[in-house]
Amino acid sequence: MLGASENTDFTFSHEGSTKSIEAQFEGVYTKYVINVSVSSGEGSVEATEIYHTPGEPITLVATPADGHAVYRWSGDFPEGTTSIQEETITFTPVGPMDISVSFRPVRYVSPSGSDDADGGSPLTAWMTLPHALTNVAAGTIVRVLEGEYELTSSLSITNTVVLRGDGREKTI
């Protein structure tokens, strides 16, 4: 087995032979195995098994199926890893890892949308949050797109949903 040492000596001999081969390898290093899987929902990952050189960053890509979005990446990420809710993540592993990504259905809300639409894309977004919250199944991601929204009453969230906005500066 090759290890992460600076110099590794090997001796090979064949039974019944009087000859042997000796070799010294310098700069031998270990590659970590990164296993990537889909834990739930509909979508795929770019690679399922990656051999990674220590100290180098790695980029993972998840592709949601139509009508779905990345809910989150899971695993023992190094401290400081951010954006675990994005389709593409980049980080520097510190050893072998098992990583998974989960997908959930997604619906959209936009100030320029219509509550008569299906909410299935930014182009067919619903217009109001109350309509979205009463028309999505538990576990759905509701993307609140950039813009100003007027609420005439308080919001009532009766099932488990994920609300994601485009940021405080863009979604009011």
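The structure we're discussing is the one just above.
Let me begin by describing the structure that accompanies this report. In this text, all values refer to a predicted model and were calculated from it rather than measured experimentally.

How each quantity is defined
Residues numbered from 1 in each chain as written. Predicted model: local features only at pLDDT ≥ 70, side-chain atom pairs only at ≥ 80, totals over all residues. Heavy atoms only, no water. Helix = DSSP H or I, 4+ residues; strand = E, 2+ residues; numbered from the N terminus. Buried < 20%, exposed > 50% of the residue type's maximum accessible area, 1.4 Å probe, protein only. Areas by Shrake-Rupley, 256 points an atom, 1.4 Å probe, with all protein chains shown as cover. Pairing = 2+ DSSP bridges. Core = buried A, V, L, I, M, F, W, Y, C linked by side-chain atoms within 4.5 Å. Axes fitted to C-alpha atoms, helices over the stretch in contact; angles between N-to-C directions. Phe/Tyr/Trp six-rings, centres within 6.5 Å; stacked < 30°, edge-to-face > 60°. Lys NZ or Arg CZ within 6 Å of the ring centre and 35° of its normal. Contact = heavy atoms within 4.5 Å. Polar contact = N/O pair within 3.5 Å; in protein donor to acceptor, adjacent residues only side chain to side chain.

Concerning the overall build of the chain
When you go through the chain residue by residue, the secondary structure sums to 1 helix and 11 strands. Counting from the amino terminus, the chain carries its helices and strands in the arrangement β-β-β-β-β-β-β-β-β-α-β-β. For the chain, buried positions account for 30% of its 172 residues. Here the chain has roughly 11100 Å² of accessible surface; of this, 48% comes from carbon and sulfur atoms.

Quick look at the pairing of strand 9 (residues 97-109)
As a general feature of sheets, a regular strand has side chains that alternate between the two faces. Pairing of strand 3 (residues 32-40) with strand 9, which is carried by 6 bridges, proceeds in the parallel orientation. Residue pairing for strand 9: Ser37 is matched across the bridge by Ser100. Strand direction decides the pairing type here: strand 7 (residues 68-74) and strand 9, joined by 6 bridges, are antiparallel. Looking across to strand 9, one finds that Ala69 is bridged to Arg104. The sheet contact formed by strand 9 and strand 10 (residues 141-144) spans 4 bridges and is parallel. By the bridge assignment, Tyr108 is partnered in strand 10 with Arg143.

Overview of the nonpolar core
As a rule of thumb, soluble globular proteins bury nonpolar side chains together. Within the largest apolar cluster, 17 residues are counted, with the highest numbers of intra-cluster contacts made by Val109 and Val142. Elements supplying a minimum of two residues to this core: strand 9, helix 1 (129-134) and strand 10. By size, the runner-up hydrophobic cluster in this structure holds 16 residues, among which are Val36, Val45, Ala62 and Trp73.

Some remarks on the sheet that holds strand 6 (residues 58-64)
Read across the open sheet, the 3 strands follow the order 4-6-8; overall the sheet is antiparallel. The open sheet has two free edges, formed respectively by strand 4 (43-45) and strand 8 (88-91), since each of these has just one partner strand. Averaged over all pairs of adjacent strands, the angle between strand axes in this sheet comes to 15°, irrespective of strand direction.

Quick notes on the packing of aromatic side chains
Enumeration according to the criterion identifies 0 aromatic pairs in this entry. Above the plane of the ring of Tyr71 lies Arg104, whose end atom (NZ or CZ) is 3.6 Å from the centre.

Focus on the environment of Val61
With respect to the element layout, Val61 can be found in strand 6. Beyond its immediate stretch of four places on either side in the chain, Val61 contacts Ser44, Val45, Glu46, Trp73, Glu87 and Thr88.

A look at the environment of Glu49
Mapped onto the secondary structure, Glu49 falls in strand 5 (residues 49-52). Every residue in contact with Glu49, bar those within four places of it in the chain, is listed here: Val33, Ile34 and Asn35.

Overview of the side chain of Thr53
Note that Thr53 resides in the loop between strand 5 and strand 6. Side-chain polar atoms of Thr53 contact the side chain of Lys31, separated by 3.4 Å.

A few points about the pairing of strand 5
Burial along strand 5 is one-sided: Ile50 and His52 are buried, and none of Glu49 and Tyr51, which face the opposite way, are. Pairing of strand 3 with strand 5 involves 4 bridges; the strand directions are antiparallel. Bridge pairing links Asn35 to Glu49 in strand 5.

Honestly, that's just the spatial picture; any functional story needs more than this.
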